[in-house]
Amino acid sequence: MAELIVALDFPAADSALELAGRLRGTVPWCKVGMELFCQAGPSVLARLRDMGFHVFLDLKFYDIPHTVAQAVRAAARHGAEMLTIHTQGGERMCCEARQAADSAQPPLLFGVTVLTSFGPGQMPGIEREPADFAAQLASMAAGWGLDGVVCSGQEAAGIKARQPGLRCLCPGIRPAAAAADDQCRIMTPAAAVAAGADYLVVGRPITRADDPLAAARAILDEMHTC
Ligand code: C5P
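Residues numbered from 1 in each chain as written. Predicted model: local features only at pLDDT ≥ 70, side-chain atom pairs only at ≥ 80, totals over all residues. Heavy atoms only, no water.

Under the annotation held in an unreviewed UniProt entry, the protein carries the name Orotidine 5'-phosphate decarboxylase and is attributed to Candidatus Desulfovibrio intestinavium. Its UniProt record gives the protein the following Catalytic activity (unreviewed entry) comment, quoted word for word: "orotidine 5'-phosphate + H(+) = UMP + CO2". (UniProt positions renumbered as here; feature names shortened; annotations may be inferred.)

So, in structure tokens, the structure goes:
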């Protein structure tokens, strides 16, 4: 059964925690990304865990292997249960991150393939179709021992067919009537679940809704009727 993650992209801890309080008991996971983390620091992870959420720290590490491994260790110590690194950081970076995660309280380690904000022809210096490139990066991520990949729902079925053990975490989720915002490779919650997504990451369609709890419930209903 796919799980819902709400992206708490807020400029301050107070507003993020206030929204989280409204979703507590309904949405199992919160995502802390670079905006909130840079503003609030690691303490926000503990506060969300104390509220009963699973916590996903989405900082998309991409650096030399040693630096990424040390960052993974630190993030795990702060209670992140799921982390992201960039698959384009390559084999050594991903394998050292894997080892670092295993030596800590092991968080799930996901590799970002191609950001869902990229459409065809938009990746700098890369001519390939995003879906094709994402599939190749996913197969490398599986070989490097990552738990899963971040990909568009549009790529999930192909990735799952080739690497059934690899989890697919899909942002770029938009209910049928919602605005795409800056996302490009989007999918509805139902279509992403039908394609095999294990986790759906949803930000603005929930956080900017007039009634965030109702918006989250509608997405969960759509996910569970697949
Ligand atoms: O508001 P929206 O639903 O577009 O938020 C999507 C979230 O998922 C954002 O926090 C963004 O950082 C994250 N994300 C993404 N695409 C990726 C990886 C993460 O949109 N490939």
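**Re the pairing of strand β1 (residues 3-7)**
Of all five residues making up β1, four are buried, and the element is well covered by its neighbours. Both β1 and strand β8 (residues 199-202) contribute to a ladder of four bridges, which runs parallel. Bridging across to β8, E3 finds its partner in Y199. As paired strands, β1 and strand β2 (residues 29-33) are joined by three bridges and run parallel to one another. (Buried < 20%, exposed > 50% of the residue type's maximum accessible area, 1.4 Å probe, protein only. Helix = DSSP H or I, 4+ residues; strand = E, 2+ residues; numbered from the N terminus. Pairing = 2+ DSSP bridges.)

**Comments concerning the side chain of Q163**
In this fold, Q163 is placed in the loop between α7 (153-162) and β7 (167-170). Overall, Q163 belongs to the buried group, its relative accessible area being 13%.

**Examining the packing of aromatic side chains**
Tallied over the entire structure, the rule returns two aromatic pairs. Seen in terms of ring centroids, W29 and Y199 are 5.9 Å apart; in terms of plane orientation they differ by 85°. Their pairing is edge-to-face. Placement of the pair is W29 in strand β2 and Y199 in strand β8, with a sequence separation of 170 residues. Here the two residues W29 and Y199 agree in accessibility, since each one is buried. Note on F110 and Y199: the rings are 5.9 Å apart at their centroids and 85° apart in plane angle, and the pair reads as edge-to-face. (Phe/Tyr/Trp six-rings, centres within 6.5 Å; stacked < 30°, edge-to-face > 60°.)

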